[in-house]
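Structural description and commentary
Below are the chains, spelled out letter by letter.
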Amino acid sequence: MSGFLNPIRAEDCVDGYCRVLLENVVYHVGSRSSTDQIVVPAGFKWDGGSVPRFLWPLLDPWGSASKAFLLHDYLYQTQQRSRLVSDAIFMEAMEVLGVGFVKRKLLYRGVRLGGWVAWGQHKKELAAKSAVLEDCK
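This report concerns the structure included in the present document.

Rules used in this analysis
Residues numbered from 1 in each chain as written. Predicted model: local features only at pLDDT ≥ 70, side-chain atom pairs only at ≥ 80, totals over all residues. Heavy atoms only, no water. Core = buried A, V, L, I, M, F, W, Y, C linked by side-chain atoms within 4.5 Å. Buried < 20%, exposed > 50% of the residue type's maximum accessible area, 1.4 Å probe, protein only. Helix = DSSP H or I, 4+ residues; strand = E, 2+ residues; numbered from the N terminus. Contact = heavy atoms within 4.5 Å. Phe/Tyr/Trp six-rings, centres within 6.5 Å; stacked < 30°, edge-to-face > 60°. Patch = residues over 30% accessible without salt bridge, like charges linked within 9 Å, V, L, I, M, F, W, Y side chains within 5 Å. Areas by Shrake-Rupley, 256 points an atom, 1.4 Å probe, with all protein chains shown as cover. Salt bridge = Lys/Arg side-chain N within 4 Å of Asp/Glu carboxyl O. Pairing = 2+ DSSP bridges.

Focus on the nonpolar core
Residues I38, V40, L71, M94 and L107 are the most contacted members of the largest nonpolar core, which totals 27 residues. Broken down by secondary-structure element, the contributors of at least two residues to this core are β4 (25-28), β5 (37-40), α1 (66-78), α2 (83-96) and α3 (101-136). Each residue touching V40, except ones within four places of it in the same chain, is listed here: L21, E23, N24, V25, L70, L71 and Y74.

Take a look at the structure:
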């Protein structure tokens, strides 16, 4: 089974709507001995799960799936992998964390149905950053 190698050490952002990672978090994809690793760097900011507030009592964005949300947000923001693969890793990470079957399925369905909005926004942001870097050369 895959897994996270270390706990999340983070603090709340000033605005209270996000957290900032204080130390790198390493996740092994597929199995703990896998060389396929995702390293979320210290300083990364994320908003927990993008779960509508009225669903927080059922799907707490900072609850049992918080490490999976961190990983998923990082994969969406960096787009190191395809959206489909990023969502599959999210599902795998929730299973590793012991998130219940029903909750896992609901959260996965949520990112498959609505994640395209965030994916597209991050794609535009990455393209804009890339254009700025090209202009600086």
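Side note on the packing of aromatic side chains
According to the stated counting rule, one finds 4 aromatic pairs in the structure shown. Between Y76 and W119, the ring centres sit 5.0 Å apart and the planes meet at 85°, which makes this aromatic pair edge-to-face. Here Y76 is found in helix α1, whereas its partner W119 is found in helix α3, with 43 residues between them in sequence.

A few points about a nonpolar patch on the surface
A cluster of nonpolar side chains, namely F101, V102 and L106, defines an oily patch on the protein surface of about 330 Å² accessible area. Structurally, L106 is set in helix α3.

Considering the sheet that holds strand β6 (residues 45-46)
Read from one edge to the other, the open sheet built from 3 strands follows the order β2-β3-β6, with strand pairing classed as antiparallel. Every other strand in the sheet has two partners, leaving β2 (10-12) and β6 as the edge strands with one partner each. With 2 bridges joining them, strand β3 (residues 19-21) and β6 adopt antiparallel strand pairing. Bridge pairing in β6 links V20 to K45.

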